[in-house]
Every structure is written in structure tokens, then in C-alpha cells.
Number of protein chains: 2
Amino acid sequence: MTTPQQAYQDLCAISREITLVNSIGGLLSWDRETYMPAQGAAIRAEQNAYLSGQGHRLLTDPRVGELLSTAEAGDWGADPYGDERANLREWRHSYDRSTKIPTSLVEEMSRAAVLGQTAWTEARRKSDFQIFKPHLAKIINLSRQTTDYIGYTETPYDALLDEYEPGETTANVKRVFEALRDELLPLVQAIVASPRQPRTDILNRDFPIDRQKLFGEAAAAALGYNLLGGRLDTVVHPFCIGIGPGDVRITTRYTQNFFNEGFFGILHEAGHGLYEQGLPAAAFGTPLGEAVGMGIHESQSRLWENFLGRGLPFWRHFFPRAQQTYPASLGDVSLDDFYFAANTVKPSFIRVEADEVTYNLHIMLRFEIEQAIISGDLAVDDIPAAWNELFTKYLGLKVPDDSLGCLQDVHWSFGGFGYFPTYALGTLYAAQFYEAALQALPNLEEQFAAGDYSALLNWLRTNIYQHGKRYRSREIVERVTGQPTSHRPLTDYLRRKFGPLYQVNV
Amino acid sequence: MTTPQQAYQDLCAISREITLVNSIGGLLSWDRETYMPAQGAAIRAEQNAYLSGQGHRLLTDPRVGELLSTAEAGDWGADPYGDERANLREWRHSYDRSTKIPTSLVEEMSRAAVLGQTAWTEARRKSDFQIFKPHLAKIINLSRQTTDYIGYTETPYDALLDEYEPGETTANVKRVFEALRDELLPLVQAIVASPRQPRTDILNRDFPIDRQKLFGEAAAAALGYNLLGGRLDTVVHPFCIGIGPGDVRITTRYTQNFFNEGFFGILHEAGHGLYEQGLPAAAFGTPLGEAVGMGIHESQSRLWENFLGRGLPFWRHFFPRAQQTYPASLGDVSLDDFYFAANTVKPSFIRVEADEVTYNLHIMLRFEIEQAIISGDLAVDDIPAAWNELFTKYLGLKVPDDSLGCLQDVHWSFGGFGYFPTYALGTLYAAQFYEAALQALPNLEEQFAAGDYSALLNWLRTNIYQHGKRYRSREIVERVTGQPTSHRPLTDYLRRKFGPLYQVNV
């Protein structure tokens, strides 16, 4: 007879093996995006498929189910967040999710995603929704089937959201997003109407790429991102990847005539990297050594990129250094002009280029459309019109074509319904964490102005990073801030920051 | 009942899986040497150990033995080199080799190698053989046990040689090496005594590393190395690695004040790369898609680096381009002076820095010492003295300390007895292939002088690369050249090349 203790140890070993397989797959993916020769794509796809198969086989082995039942019967103490109970909770969650969906559906979705991404690429290039439509219809159909297998209490969309933000519900997200929207809309309108506007040309001067790399790397290192256990490379679609303890890599892309893309991109990925580097190495291979989920991960990229990196205190220290690095482009610029330009707010079509104020409106639009798609209230044919109508309502612009509209993002082409909300949730969490950090550490912004970010990093490590998956997103937000997920800290922050910049008072 | 046909198909699938696992491990190793952050070493070691374990488990599964027996009982035609018979022969060879050695011995050797390499690194740095001695004694003991398990007809060393050059025998290598040695020694002595010596300072001028990379890459591409399915990176210990079809990577290292290291290093690795890129992609995953062995692999690096790349015809085309690339350093240099300098012959202590004429003497010395070690005729304590005595005999120099003597190479520290001879065998094969190519394609060197290497590459692809492991080294040499392995083409080539340069007539 296997004891609960023995079953738990066996699960640890299996979990560690799965993590190792995934970390190998992670390195292969990193290499594919950075250095793989173009003609190596076919064999790389086979390598990745092999590893995915291994990982899936390990995860869904009926023995895991038996071990889980045995271990769960053990007495693991009263604390639901104790090591064993937290690990068992997370193992159960992934085992159930991955065994509920039949293999045939997983494979069908996998094939549909490959075809879908190819069709989407062409559709976006030609701005022709018809090319993508049959694939999207298929993917929506498979996603809806998935929700039936996973199960849900209130609405099918819950089952999808749970993949990216375990424990979160559609109703809760909806409530918070609506409150946020009601405050954002007048703020955006006031900013657009303001006569005071930044000199954005400053950021479109010449910023040689070799200097951008060194300057960005120095900034990431100053925040605390450890380059002895990481590295910065150039890619088309930037990302951060944790291979394991001691190996957390970030990537970015540069535009020679645009300062923001490279620099704030690096801070964004460094934020993800700081989180990964702060996970407890000793717990590697178990949920306690892993990031909570997409929302908390995004909270860290947003916090370091925006709340810190686009703040005036940060630039008090870094702007003189930027001037030394780019004397011809920034020598005649004042800190105030630079700071205002770096914080330009302007409704625009593309989500990934959006500013701090308008960004979440892009997300809400997607969240609403996705819910209507999954509930069956919105037919595939009607997606472009629904998108364009909401876009005008939220951002005041008329979408000229679908490549700037509903075809701009890759997510739907691989069936990633439920992913988008985590971007906005991450921003909300970031605002809540930042507010709590400012309360706990009153001299924080003075430290930033002196180039010292260690107190913030230590606070985040202690309160968030070191816990891995011990708590779920909503729980960690409540534990750290004493409040449930809320729009209030974000809108307070945006008003405090952009009110004076644009001289608006909403 | 499994039919031989079904068993063969099953073996193909297993072989493909093993190849895939190894190719993933290959990429991980490449990354470790190129871009891995220093602190990622521990998790990388775990990833590699996991993959090695997977590969070993697949290879030694008793089911493989059953499938082999079933498949071997089939009727696969009269041609011993037909697809199925060749694959079955190679699968049998690796299955027997890996199942004959008990797992406990494999694991013991693995541990001894880790400790041995650490001790060797320190011993070489301090030039203190005593630090390495106990580890070397242990590794020798384990290697001798291995020969007992593998079995051999004539001498234990055969069992080790077979790992790196399957089908080759100690007696045959000895015969060829001795004939070679007897001709090399007087040639080296005459060259050393010659009053005509090159102006080597030419090669120690300033060669900016960014230019070396572009110039070397252009040369590799000109030879036919496909950079769309490959890449060139910088490492401490250069190597070539075939990840799979469409992904064959080479590496090098540069010295700013020494032309040869980067340039000829690139040609050497590009030679390995051309071989890997010439293997039949359709046979990937089976022995027919793999390189024959170390000797044939080395024959290609040597052929492209030395027989082609250090030849006068090659430089007739490339030297004007080198002058354009490095005008300050080579503008005032004549082709003849450059060519002579690039072909300097001078006895020296370090094998990897040795020239074409003295290189094989370094190998013979190691071959003799290894045989004596494995046969038990040479005690560990006596290795340094035996090395130094032979070194003086072969190269006319007195070894000042063991870091320039028996501690210089890593091979023994991981138990790589039997590896060294393949370097010299490769050079002999290269000479034989090159002689045969010149006979088959009489205008070859005129084509080189015109910058055209395609006829040579096509000839090598047709005669060697496309066959994968269909033939063993000795067989392929006989098939391509009509002759058994021989020292004669190499000594003829060396006399023809270095006789005029040094004005010696031996």
C-alpha cells in the first residue's frame, strides 16, 4: 500500500520530470525565436512535438490520478496554503484540466491552430477577414466543446478564463472591468481634448541600436535583473522565458528612430524576468516554484515598465544617463519634455502600441467580444462589425480595416480565448501592489530618484515572488493589499499621473 | 507474431526517437557553449542527464534486442550494404555495445569522468600530474574493465577503438602509423634544418574580429556551407554540431593578432558542417542518415581546412579578397609570402596548434601511450616520463612541464581512450580522398583558383556524404579510392607541398 507521504513524494518526482521536459521545450522555443537557422524549423517542430507528447503523457498518466487520490487522503495540517496542500491543489487542477478534455479534441485543436495561424497571417497581411473566417469558426467550435468538457458553474467563458487565471470568474472580471471603463472613458476624452500635448518628435530621433542594447541592459541590471543568470536577445515578438533557476532570458526588438520600443520593451520583459528570478529555486519542479499565472506575471511587467519605468522619479536618475548615451538626440531636451513625451496618451488602433490609459480599453473590447463569441450570442460573420462598433465607442476612432481591427492579434488563431483579460487584470494588480508598496515603504520614489530599486524588489520578492503558486491570484492580491481586485488604485494612479501632465481634472 | 518487416519498422521508429532525443541534447550542449548564462549550468546538467537517461533507456530496452533478432531473421536481399541490412548492422552494433557494459560500470565511469575533468582542469592549470593521477588511475581501471565486457579478438585496445572507429583494428592502425612515422620524421628534420623559413609575423598583425567573422563566414559559404541551414558562433572550444536536417551549426574562436586561428578554424568546422549538411535528410533518424564515424568526419574537416584551404590555388582566389578586407595588415604582403606563412611547419608542444606535417606525430605518440596504458605495460606513474621521452624522439623538443605534455588534452579525463587515432586516420583518409578527387576531376585546382568549389563538394557528396553509415570507414575508403587505408597519399602530398616551400628533398 502506498502511503499518502509516499504518494506525495512520487508526485514530486513526476512533477519535477514534467518541469524538466517543459524547461527543455522552453529552451528550444527560445532558440527558435532567436538563433535557429530558418531551415531548422521542420526538425524543431518535431523536437517540440516530441517533448509536448512526453509532458502530456507524464501529466495524464492514470497513475498520477491514483497517486493524487492517495496523497489527498493524507493529513497535511490545517493550513490550506501549507507546502503539501498547495502543491496537491495545483497538481489536482492541472490533472483534472488535462484529463477532462479527450485527446482527440486536443489533437483537433492542435491541427486547427496550425492551420488557423497560417490563415490568420495571410488574412492580416491582406486585411481580409474572409480568409480567416472558416478557421476561426472551427476554432470557436472546438473552444466551446472544450468548455463543456472542462465544466463551469455560471458561464462557459469561466472554463476558458480558468486556463490562464485559475480561480478567476467571468462575473468578477466583468464587474471590475465595467467600473474601470466608466472612469477611463471620461479621462481619455479629457486628455484627447486637452490643449496641452507632448513633443513626441523627441522620441523619434536617432537612437543607434547598439547603444539601445547597452543602455537597456544597464537599466534592466539596475532594477535587479541578474544578467549572470539571464541574457537579453533580439527577436521579432519579445518575450521572457524562465528555463529554470539561474537561467531566465529576456528578449526585445529595437527601432532606431523610436526610443520607447526597445527601452520600455526591455523594462517590461525585465519585470517578467525579476519575477521568474525571484521564484524559490529550491521548489523548482513543483507548483511552489512556479509563477502564479498570467495575471500576476503581467502585473510585474506592467509594474516595472509603467509604474516605475515611466515615472518621473525613475527619469530623475536615468534621464541624465540617457542624455550622455544619446547626446545628439537628447542633449537639448528637458527632463519634463522627455517625461511628458514618454507618457503620451493617444487613442490608436493597435493594442500592443497603446499607452497606459487607453490600453485597458483595448482589452475590455476583446473581453466583451470573446464572451459573446463563446456564449454563442455573436456569430463569426458579425465579429468585424461588433469590433468596429465597440472600438468607436471606447476609443473614438473609426477602424479603417480589419488588419487594424479584429485581425491584429494572434490569440484567437491558436484558440487562446480567455487570455486577453489577464493583461488588464495584471495592470489592475500592478496598481494595487504599487499602492501597497508605497504605503509600506514611504520613501520609495525618493529611492527611485537616487537610482535605488532594491527596496521595491525586496518587497515584491518577500510578498509575491517567493510564494510561487502557494496562493492564487485573487488570494495573493488580498493578502498583499488587504483588498479584493479593484479598479480604484489604477484609476487613482492614472488621475494622479496624467491629470497634471495634460492639465485635466476628471 | 511480429514479422521481420514489422520489427524493422518498429526499430526505425525507436531509432528515430533516440535520434530526436540526442538532437535535443545536442542543441542544449550547443547553447551551453554559446549563450547559456553562467548560472544556468546546474539546471542544464539536469536537463542533459534527463535526456541521456531517456536515450539510454530507449537504446538498451530488451525489446530492442527482441526486435533486432526478429528483423535479422528476415530476408533483406543479397547486398550487405542495402538499406535494411546496413541499418540492422549498425543497430546491432550499438545495441550490443550498450548492453554488454553493465549499468553500474557506465554510472561509475560517468561519475569518475565528472571528477576526472575537474581534477584535470586544476592539474593542467597547476601543471601538476599528481592532482590528476588518482583519477586517471581510476578511469584507466574502468576503461580496462570496459574492454573485458565489450570483448576483443587481438588486444583490449581494439574494444576502445571500436567505439570511435567501428570496424577498425589496433594492428591495422599500428601498421599504417608506423609507415607514416618513418617518412614523417626525416621530413620534419629536413624542414627544421632548412635555411628557407616563412615570415610568420605577417599573420600576427591586426585582424579586427568583426571582419574575421564576416570574412570567415563568406569563405565558409563559398565552400558550400549553407548558412540558411546553419550558423557560426564564437566559443572557447570550437566544434560543429548537426542538430538535424536544416540545422547544422559551426563555431570558432578568434585572436585579433593571429589570422590562422579564426580563419582555418572556420574552414575546419565548415568541413565538418559540409559533411553533416550532405547527409541524406530522408534517412534522418536511422544510421543511413548519420555520419560514418570520427575518422571520416575528421577527414572532411582536414580536407577542407588543409588540402583545400591551405593550398595555393585556394589563396589565388582568396588572397586578393583578404587584402581588401585587411588592407593595413596585408596590403604590402605578397601571395607567396602569405601562402608560405600560412603553411609554417614548426615542431611545438600543443597538438591543437600543430601544423599539417607535425600534427600526426602528436597523435602517434598518444596512440602508443594509450596502447601501453590499456595493455597494462605502462603504469600511471610512468606516463609523464614516457610521454616526454617519445616527444623528444618524435618532435625533437624537451617537454618543459606536464601542462605542455601529457596534461594538455581533455580526452583521458572523460575516459576517451581510443579517440585520438581517429584524428590521424582522418588526415590519412583526407589525403586518399583528395588524391582520388584530383584523379577524377583533373581541373579541380584550376577551379579552386577561380573560387569554384562545387565540383569537389558534389564529388564528396556523391561518393561519401549521401551514404551515411551505409559503409564503414575502411570500406568507404576502399570504395572511393580503390585502395586500403594507406600512408602513401599523405606523404606524397606533404612532400609535393612542403618540398618546394622549404626547398627540401626527402
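Quantities reported herein were computed from a predicted structural model and do not represent experimental measurements.

Attention shifts here to the relation of the copies chain A and chain B. Placing chain A over chain B gives an RMSD of 0.1 Å and needs a rotation angle of 180°, together with 0.1 Å of translation along the axis. Here the transformation between the copies is reduced to the relation of a two-fold axis. Looking at the interface residues of chain A, 100% of them are also at the interface in chain B, so both copies use one shared face.

This paragraph deals with the sheet that holds strand β2 (residues 240-244) of chain A. Residues and elements named next belong to chain A. With mixed pairing, the 3 strands of this open sheet are ordered in space as β1-β3-β2. Each edge of the sheet is formed by a strand with only one pairing partner; in this case those strands are β1 (230-234) and β2. When strand polarity is set aside, the average angle formed by the axes of neighbouring strands in this sheet is 20°. The pairing of β2 with strand β3 (residues 247-252) spans 4 bridges and is antiparallel. In the strand pairing of β3, G242 is matched with V248. Relative to the sheet, helix α10 (residues 259-278) contacts β1, β2 and β3, its axis offset from that of β3 by approximately 165°.

All names here are of chain B. Between helix α1 (residues 4-34) and helix α3 (residues 62-72), the shortest axis-to-axis distance is 8 Å and the interhelical angle comes to 140°. Looking at the two axes, α1 sits oblique to α3. For the crossing formed where α1 meets α3, the hand is left-handed. For the pair formed by α1 and α3, the contact residues are P4, A7, Y8, D10, L11 and I14 on the first element and V64, L67, L68, T70 and A71 on the second. Tallied by class, the residues present in the contact of α1 with α3 amount to 9 nonpolar, 1 polar and 1 charged.

Before going further, it helps to spend a moment on the environment of Q9 of chain B. All names here are of chain B. Topologically, Q9 is positioned in helix α1. Given 14 C-beta atoms within a 10 Å radius, Q9 is considered partly exposed. Taking the C-alpha atoms as reference points, Q9 and A123, 114 residues apart in sequence, are found 49 Å from one another.

Here we come to the sheet that holds strand β3 (residues 247-252) of chain B. All names here are of chain B. Reading across from one edge, β1-β3-β2 is the order of the 3 strands in this open sheet, with mixed pairing throughout. One side of each edge strand has no neighbouring strand; the edge strands of this open sheet are β1 (230-234) and β2 (240-244). In this sheet, adjacent strand axes meet at a mean angle of 20° when their direction is disregarded. By the bridge criterion, 5 bridges tie β1 to β3 in an arrangement that is parallel. Among the inter-strand pairings, R231 is bridged to a residue of β3, identified as R249.

On to helix α20 (residues 473-481) of chain B, then. All names here are of chain B. Along α20, the positions that sit buried rather than exposed are S473, R474, I476, V477, V480 and T481. Each buried residue of α20 sits inside an arc of 165° when the element is viewed along its axis, so together they form one side. For α20, the secondary structure elements touched by its buried residues are α11 (294-308), α17 (421-440) and α19 (454-463). Immediately downstream of α20, the backbone of G482 shows phi near 75°, a positive value.

The accessible area lost on association of the parts is a frequent measure of interface size. Of the residues lining the interface, 26 residues belong to chain A; the matching set on chain B comes to 26 residues. Looking at the side of chain A that touches chain B, the elements with two or more residues in it are α1 (4-34), α2 (41-60), β1 and β2 of chain A. The biggest single contributor to the side of chain A that touches chain B is α1 of chain A, with 6 residues. Looking at side-chain class alone, the side of chain A that touches chain B contains 14 nonpolar, 8 polar and 4 charged residues.

This brings us to the nonpolar core. Counting residues in hydrophobic clusters, the biggest one holds 248 residues, and the most contacted among them are A270 of chain A together with A270 of chain B. Counting only domains with at least three residues in this core, you end up with domain 1 (1-100) and domain 2 (151-506) of chain B. Apart from residues lying up to four places away in sequence, A270 of chain A is in contact with A220, L223, Y225, I250 and W304 of chain A.

What counts and what doesn't
Residues numbered from 1 in each chain as written. Chains lettered and ligands numbered in written order. Predicted model: local features only at pLDDT ≥ 70, side-chain atom pairs only at ≥ 80, totals over all residues. Least-squares fit on C-alpha atoms with pLDDT ≥ 70 in both. Contact = placed C-beta atoms within 7 Å. Pairing = 2+ DSSP bridges. Helix = DSSP H or I, 4+ residues; strand = E, 2+ residues; numbered from the N terminus. Axes fitted to C-alpha atoms, helices over the stretch in contact; angles between N-to-C directions. Parallel < 35°, antiparallel > 145°, perpendicular 65-115°, else oblique. Left-handed = near helix turned anticlockwise from the far one by under 90°. Nonpolar A, V, L, I, M, F, W, Y, C, P; charged D, E, K, R; others polar. Buried ≥ 20, exposed ≤ 12 C-beta atoms within 10 Å, placed from the backbone. Arc of directions from axis to C-beta. Core = buried A, V, L, I, M, F, W, Y, C linked by C-beta atoms within 7 Å. Domains from an automatic or database assignment.

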